[in-house]
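Chain and residue survey
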Amino acid sequence: MIIALNNKSNLTKQDFEKYQEELKKINSEMQLILCPNLLNIGEFHLENFKLGAQNVSETTDGAYTGEVSANQLKSYEVEYCIVGHSERRMYQKETLETISKKINKLFENEITPILCIGETLEEKESGKVEEILLTELTTAIVNLTEAEKDKLIVAYEPIWSIGTGIIPSNEDIKKTLKFIKTILPNSKILYGGSANENNIDTLKEIELIDGYLLGGLSLKPNDLEKFVNKLEK
Ligand code: PGA
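Here's a quick rundown of the structure.

The rules behind each value
Residues numbered from 1 in each chain as written. Predicted model: local features only at pLDDT ≥ 70, side-chain atom pairs only at ≥ 80, totals over all residues. Heavy atoms only, no water. Helix = DSSP H or I, 4+ residues; strand = E, 2+ residues; numbered from the N terminus. Rg over C-alpha atoms; globule rule 2.2 N^0.38 Å. Buried < 20%, exposed > 50% of the residue type's maximum accessible area, 1.4 Å probe, protein only. Contact = heavy atoms within 4.5 Å. Areas by Shrake-Rupley, 256 points an atom, 1.4 Å probe, with all protein chains shown as cover. Lys, Arg positive; Asp, Glu negative; His and termini not counted. Charge placed at Lys NZ, Arg CZ, Asp CG, Glu CD. Pairing = 2+ DSSP bridges. Axes fitted to C-alpha atoms, helices over the stretch in contact; angles between N-to-C directions. Near = heavy atom within 4 Å. Polar contact = N/O pair within 3.5 Å; in protein donor to acceptor, adjacent residues only side chain to side chain. Nonpolar A, V, L, I, M, F, W, Y, C, P; charged D, E, K, R; others polar. Salt bridge = Lys/Arg side-chain N within 4 Å of Asp/Glu carboxyl O. Expected span 1.5 Å × (residues − 1). Core = buried A, V, L, I, M, F, W, Y, C linked by side-chain atoms within 4.5 Å.

Tallying secondary structure elements over the chain gives 11 helices and eight strands in all. Here the chain has a C-alpha radius of gyration of 17 Å; the compact-globule value for 233 residues is 17 Å, and the two agree. Here the C-alpha coordinates of the chain stretch approximately 45 × 40 × 30 Å along the principal axes. Looking at the chain as a whole, 50% of its 233 residues are labelled buried. Partitioning the intrachain contacts of the chain with sequence separation of at least 6 by distance along the chain shows that 69% fall at a separation of at least 24. For the chain, the exposed area adds up to about 11,400 Å²; of that, 48% sits on carbon and sulfur atoms. The average position of the 27 basic charges and that of the 38 acidic charges among the side chains of the chain differ by 1 Å.

Pasting the structure below:
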């Protein structure tokens with residue numbers, strides 16, 4: 001089971017130091033991954049977590065002002081990187097082509113991509129979930145080898161569920177994960193979107209879920225610990 005924490009654009013350098021002290025207390029057999037904001041990557045020193053990033057440049061090192069390459073992330077011992085989060089697709093206008101390039105750069109540098117996919121509420125209500133996910137998945141994996149496809153981690157995050165406190169029914173999640181498995185049968189699949197210590201007992205009934213991508217909960221170490229404990233029970 002994988003637990004990946006997405007801090008998003010939260011925590012100053014000072015906050016992050018205190019935060020790491022809290023996270024140190026979380027003891028688990030599960031694979032814990034922390035994706036701090038980019039600057040805090042340089043401050044990371046936890047032994048119970050692996051290090052992840054939230055984004056990477058589609059370019060290599062070079063004259064690309066403001067960009068951070070996969071090679072540079074690698075030099076900070078980053079092992080995982082979130083790609084194509086809906087917030088980046090929405091606010092930074094990340095395209096399907098950009099996301100595919102980023103995934104390739106990560107694999108070239110032996111960093112495991114965590115590809116986020118998911119539908120809007122409007123797309124869900126008009127019955128387009130599978131169509132949307134098919135496009136997001138097939139365009140992202142177009143240049144990957146079979147071995148890379150197997151290594152890719154997919155995070156299914158319904159956009160209408162992110163940060164809203166609303167989660168899909170277990171039946172809907174199961175149906176969607178089964179669909180993802182038809183395209184990527186060997187990839188690990190995470191669920192993301194308002195997962196917390198109150199709904200984990202219900203979510204954990206879904207056997208197809210290989211782990212969770214946690215946004216809001218990542219910022220509350222005490223509740224996160226409850227979540228981890230409930231999941232491990
Ligand atoms: P949330 O965010 O857990 O706050 O809904 C998840 C995410 O955006 O990855």
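Having seen the structure, we can now continue with the description.
Let us now look at the environment of Cys116. You can see Cys116 is positioned in strand S5 (residues 112-117). C-alpha of Cys116 to C-alpha of Thr135: the two residues are 19 residues apart in sequence and 13 Å apart in space. For Cys116, the residues in contact, after removing those within four places along its chain, are Ile82, Val83, Gly84, His85, Arg89, Ala155, Glu157 and Leu213.

With that out of the way, let us pick up the sheet that holds strand S7 (residues 188-192). Taken in spatial order, the eight strands close into a barrel running S1-S2-S3-S4-S5-S6-S7-S8, and their pairing is parallel. Each neighbouring strand pair of the sheet contributes to a mean axis angle of 25°, computed without reference to strand direction. The pairing of strand S1 (residues 2-6) with strand S8 (residues 211-214) spans four bridges and is classified as parallel. Paired with Ala4 across the strands is Leu213, a residue of S8. Here helix H11 (residues 221-232) sits on the sheet and contacts S1 and S8; the angle it forms with S8, its principal contact strand, is near 170°.

Within the structure, the ligand sits among 13 residues, and Lys8, His85, Glu157, Gly163 and Ser194 are positioned closest to it. Taking His85, its side chain carries an N or O atom lying 2.7 Å from an oxygen atom of the ligand. A distance of 2.6 Å separates an oxygen atom of the ligand from a polar atom in the side chain of Glu157. In isolation the ligand has 290 Å² of accessible area, and contact with the protein removes 96% of it. For the shell around the ligand, the class distribution of residues is three nonpolar, eight polar and two charged.

Another aspect to go through is the pattern of salt bridges. Tallied over the entire structure, the rule returns 15 salt bridges. A salt bridge links Glu79 to Lys50; its shortest N-O distance comes to 4.0 Å. Residue Glu79 is found in the loop between helix H3 (70-75) and strand S4 (80-83), and its partner Lys50 is found in strand S3 (residues 50-53); the two are separated by 29 residues along the sequence. Since its relative accessible area comes to 31%, Glu79 is described here as partly exposed. For Lys50, a relative accessible area of 34% corresponds to the partly exposed category. In this structure, Glu94 and Lys102 form a salt bridge, with 2.6 Å as the shortest nitrogen-oxygen distance. The pair Glu94 / Lys102 is uniform in exposure class, with both members buried. It is possible to trace a salt-bridge network through shared partners that takes in Glu58, Glu97 and Lys101.

One turn of the α-helix equals 3.6 residues, which is why residues spaced by three or four share an orientation. For helix H9 (residues 170-183), which comprises 14 residues, the first-to-last C-alpha distance of 20 Å matches the rise-based estimate of 20 Å (1.5 Å per residue) to within 8%. Residues of H9 that are buried sit in contact with S5, helix H7 (129-140), strand S6 (153-156), S7 and helix H10 (200-203).

What follows is about the nonpolar core. The biggest cluster of nonpolar side chains holds 57 residues, and the ones touching the most others in it are Tyr212 and Phe227. In terms of residue count, H9 provides more of this core than any other element does, five residues in total. If near-sequence neighbours (up to four positions away) are discounted, Tyr212 is found in contact with Met1, Ile2, Ile3, Ala4, Leu190, Tyr191, Ala195, Ile200, Leu203, Lys204, Phe227 and Leu231. Residues Ile33, Ile114, Ala155 and Leu190 belong to the second largest nonpolar core, which totals 12 residues.

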